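Structural characterization, general
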Amino acid sequence: MVMTRQPDYFDGEKAPAVIKWLPDSAAGTAIPKAVFNNGYKDYAIDARYFLRNWKKNEKTEVIYETDHPEMGAVYTFWGYWLTWSELLATVLIYVALFQIAISVTKNPTAEALVEQLEYKEEKKRKYLE
């Protein structure tokens, strides 16, 4: 399937989480991470999302697959169900389709113009006899 959610909504488990600002080894700065417990161990997953600002100790919910809880995601509409990349792709597809529609209808042939000018709508009866 082209577009699937990871972790999967139907197979995933949900758990309460708290946002903590923890140091990131790659960035070298503190980033927001959603800290949750799956019943056995504590996990901290990256909670950075475009246009999303987290406060320290803010409560949220995460979704994760039981086989790989470290690959969980913050369960919010913006970030899990809708991401900025999907939104951007949708806009680009609509712009491309609009440009295709314009290019197809931009230069009609002479025969098509004559046909449009000579078109007369038929009078239709309201009821069949």
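The coordinates are above.
Please read these numbers as outputs of a predicted model, since none were measured by experiment. All residue numbers here refer to positions counted from 1 along the written sequence of the relevant chain. The model is predicted, so local features are restricted to residues of pLDDT at least 70 and side-chain atom pairs to those at 80 or more, both for listing and for counting; the totals for chains, interfaces and linings are taken over all residues. Hydrogens and water molecules were not included; the side-chain quantities draw on all heavy atoms of the structure.

Topic: a nonpolar patch on the surface
Rules: Put simply, a patch holds well-exposed residues, over 30% relative accessible area, that have no salt bridge, with like charges counted together within 9 Å and Val, Leu, Ile, Met, Phe, Trp or Tyr side chains within 5 Å. Accessible areas in this description were obtained via Shrake-Rupley with a 1.4 Å probe; residue shielding takes into account the shown protein chains only. Criterion for a salt bridge: a side-chain nitrogen of Lys or Arg within 4 Å of a carboxyl oxygen of Asp or Glu. By definition, any uninterrupted DSSP run of H or I lasting at least four residues is a helix, any uninterrupted run of E lasting at least two residues is a strand, and each is numbered from the N terminus.
A grouping of Phe 50, Leu 51, Trp 84, Leu 88 and Leu 92 is seen on the molecular surface, where their side chains present a nonpolar patch of about 590 Å² in accessible area. Structurally, the position occupied by Phe 50 is in the loop between β3 (42–46) and β4 (59–65).

Observations concerning the packing of aromatic side chains
Going by this rule: The criterion for an aromatic pair is that two Phe, Tyr or Trp rings (for Trp, the six-membered ring) have centres within 6.5 Å, with stacked assigned to planes under 30 degrees apart, edge-to-face to planes over 60 apart and tilted to the rest. The classification of residues rests on relative accessible area computed with a 1.4 Å probe and restricted to protein chains. Under 20% of the type maximum is buried, over 50% is exposed, and intermediate values are partly exposed.
Under the definition given, this model contains nine aromatic pairs. Measuring from ring centre to ring centre gives 5.1 Å for Tyr 80 and Trp 81, while their planes differ by 80°; the resulting arrangement is edge-to-face. Classification of Tyr 80 as buried rests on a relative accessible area of 3%. Judged by its relative accessible area of 32%, Trp 81 falls in the partly exposed class.

Quick word on the pattern of salt bridges
What the rule picks out here adds up to one salt bridge. A salt bridge links Asp 46 to Arg 48, with the shortest nitrogen-to-oxygen separation between them at 2.9 Å. Accessibility expressed as a relative area gives 36% for Asp 46, which makes it partly exposed.

Digging into the nonpolar core
Rules: To define a nonpolar core, start from buried Ala, Val, Leu, Ile, Met, Phe, Trp, Tyr and Cys residues and group those joined through side-chain atoms within 4.5 Å.
Counting residues in each nonpolar core, the largest one holds twelve residues, listed as Ala 15, Ala 17, Ile 19, Ala 34, Phe 36, Tyr 43, Ile 45, Ala 47, Trp 54, Val 62, Tyr 64 and Val 74. Mapped onto this core, the elements with two or more residues apiece are β1 (13–23), β2 (30–37), β3 and β4. Among the elements that take part in this core, β1 stands out by supplying three residues, more than any other.

Considering unusual backbone geometry
Of note in this structure, Leu 51 is not a glycine but carries a positive phi near 65°. Tracing the backbone shows Leu 51 in the loop between β3 and β4. Since its relative accessible area comes to 69%, Leu 51 is described here as exposed. A positive phi is found at Asn 57, a non-glycine position, where the angle reads about 65°. Taking relative accessible area as the criterion, Asn 57 reaches 43% and is therefore assigned partly exposed.

Some points on the pairing of β2
The criterion, for reference: Strands were regarded as paired on the criterion that DSSP finds at least two bridges between them.
Here six bridges tie β1 to β2, and the two strands are oriented antiparallel to one another. Residue pairing across strands places Ile 19 opposite Ala 34, the latter belonging to β2. Two strands pair when backbone bridges link them, and β2 and β3 are joined in this way by five bridges, in the antiparallel orientation. Bridged to Ala 34 within β3 is Ile 45. From the end of β2 to the start of β3, which pair antiparallel, there are four residues, and Gly 39 there has a positive phi angle of about 105°.

Let's talk about the sheet that holds β4
Put simply, the test is: Helix axes use the C-alpha atoms of the stretch in contact, all axes being lines fitted to C-alpha atoms, and the angles between their N-to-C directions lie in the range 0 to 180 degrees.
Read from one edge of the open sheet, five strands run β3-β2-β1-β4-β5, paired in antiparallel fashion. What marks the edges here is a single partner per strand, and that holds for β3 and β5 (68–74). With strand direction ignored, the average angle separating the axes of adjacent strands in the sheet is 45°.

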